[in-house]
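# Results of the structural survey
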Amino acid sequence: MKGWFSYRGVIYNTLLFIYNLMVLNVLFIVFSIPIITLGASLNSLYVSAVELSTDRFTPIAKLFAWNFGQDFFRSTKLFVGLVASFFLISGLIYLSVFLNYSMLTFFIFFLFSYFLLILTIIFPINALYEGKISVLLNNSFVFLKTDLLTSIFLLILSLLTFVLIPIYFPQFILFHLLLGFAAMAFFQVKIIKKRIIELSKEGETDY
């Protein structure tokens, strides 16, 4: 029992981990305020979450700030591309509904669902595997193809946490401000990293 309360014991480690998640969450929110920096902020969030999953004594503020500046242009370019794709697909959905092309509407809705799945996993995979944006997209498509169920699960969980809960339970907004984004990022990278290792051992995918 004494070891639980000792320096770097179970209690200490848990409290330090929660503190790091809170710091990471606040940094993500603050750095995302200008909107245009959201891509770099998301990238830093997930990279920092990866580090926390391996070393809970990481100086999280320093790590977040370093990654924010180090990969700013690449992650911003990725974010702008994703936003442009979102508006393009949304515009196609509106056009197909307006023109009453039911088959085209169904196809575009399918494309939009696929896009949402990619959106859910692309930043965690970006944090786990460095490379050009083309390589990142390929890795995301490979993961989606080989483990669709995990991707769907993470998408549903994200929609539940950041869309449905704030709408129907606004009192949980404090949780989002203190822990929500960082906790979700940590959970996502843990799940995706675990699944990639398992799939690699089974020979189903290779990154």
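Our structure is the block above this text.
Remember, it's a predicted structure, so these values are computed and weren't measured experimentally.

The next subject is the overall build of the chain. Counting its regular elements, the chain contains nine helices and zero strands. Across its three principal axes, the chain shows a C-alpha extent of roughly 70 × 45 × 35 Å. Counting contacts in the chain only where the partners sit at least 6 residues apart, residues at least 24 apart contribute 69% of the total. The distance from the centre of the 13 positive side-chain charges to the centre of the 9 negative ones in the chain is 6 Å.

Within the fold, serine 32 resides in helix α2 (residues 10–32). On the basis of relative accessibility, which here comes to 10%, the residue serine 32 falls in the buried class. A polar contact is formed between the side chain of serine 32 and the side chain of serine 41, at a distance of 2.9 Å. In this structure serine 32 touches Thr37, Leu38 and Ser41, once residues within four positions along its chain are discounted.

What follows is about a nonpolar patch on the surface. On the surface, Leu88, Leu92, Tyr94, Leu95, Phe98, Leu99, Tyr101, Leu104, Phe107 and Leu111 cluster together into a nonpolar patch covering about 1000 Å² of accessible area. Taken together, the elements giving at least two residues each to the nonpolar patch come down to α5 (72–98) and α6 (102–128). Looking at which element gives the most residues to the nonpolar patch, the answer is α5, with five residues. With respect to the helices and strands, leucine 92 occurs in helix α5.

With that out of the way, let us pick up the nonpolar core. Leu24, Leu45, Tyr46, Ile122, Phe123 and Ile192 are the most contacted members of the largest nonpolar core, which has 42 residues in total. For this core, the secondary-structure elements that each account for two or more residues are α2, α3 (38–54), α4 (60–70), α5, α6, α7 (133–146), α8 (148–168) and α9 (173–201). Tallying contributions element by element places α6 first for this core, with ten residues. Those residues within four positions of tyrosine 46 in sequence are excluded, and the remaining contacts are Phe123, Pro124, Ala127, Ala185, Gln188 and Val189.

In this section: the environment of serine 85. Considering the arrangement of structural elements, one finds serine 85 in helix α5. A C-alpha to C-alpha distance of 25 Å links serine 85 and valine 30, two positions 55 residues apart in sequence. A polar side-chain atom of serine 85 sits 2.8 Å from the main-chain carbonyl oxygen of glycine 81.

Definitions and cut-offs
Sequence order as written defines residue numbering, which begins from 1 separately in each chain. Totals for whole chains, interfaces and linings use every residue, but because this is a predicted model, local features are given only for residues with pLDDT of at least 70 and side-chain atom pairs only at 80 or more, for both listing and counting. Processing note: side-chain calculations cover all non-hydrogen atoms of the structure and skip hydrogens and water entirely. Here a helix means four or more residues in a row that DSSP labels H or I, a strand means two or more in a row labelled E, and each is numbered from the N terminus. Residues count as neighbours in contact if any of their non-hydrogen atoms are within 4.5 Å of one another. Counting rule for charge: Lys and Arg are taken as positive, Asp and Glu as negative, and neither His nor the chain ends is counted. Charge coordinates come from a single atom per side chain, which is NZ of Lys, CZ of Arg, CG of Asp or CD of Glu. When a residue's accessible area, from a 1.4 Å probe over protein chains only, is under 20% of the maximum for its type it is buried; when over 50% it is exposed; and in between it is partly exposed. Residues adjacent in sequence count toward polar contacts only when both atoms are side-chain atoms; beyond that, a polar contact is any pair of N or O atoms within 3.5 Å, and within protein one must be able to donate a hydrogen and the other to accept it. Surface patches are defined over residues having more than 30% relative accessible area and no salt bridge, joining like charges when they lie within 9 Å and nonpolar side chains (Val, Leu, Ile, Met, Phe, Trp, Tyr) when within 5 Å. Residue exposure ignores everything except the shown protein chains as possible cover, and the areas themselves are Shrake-Rupley values with a 1.4 Å probe. Basic side-chain nitrogens of Lys or Arg form a salt bridge, by our definition, when they fall within 4 Å of a carboxyl oxygen of Asp or Glu. Residues belong to a common nonpolar core when they are buried Ala, Val, Leu, Ile, Met, Phe, Trp, Tyr or Cys residues joined through side-chain atoms within 4.5 Å.

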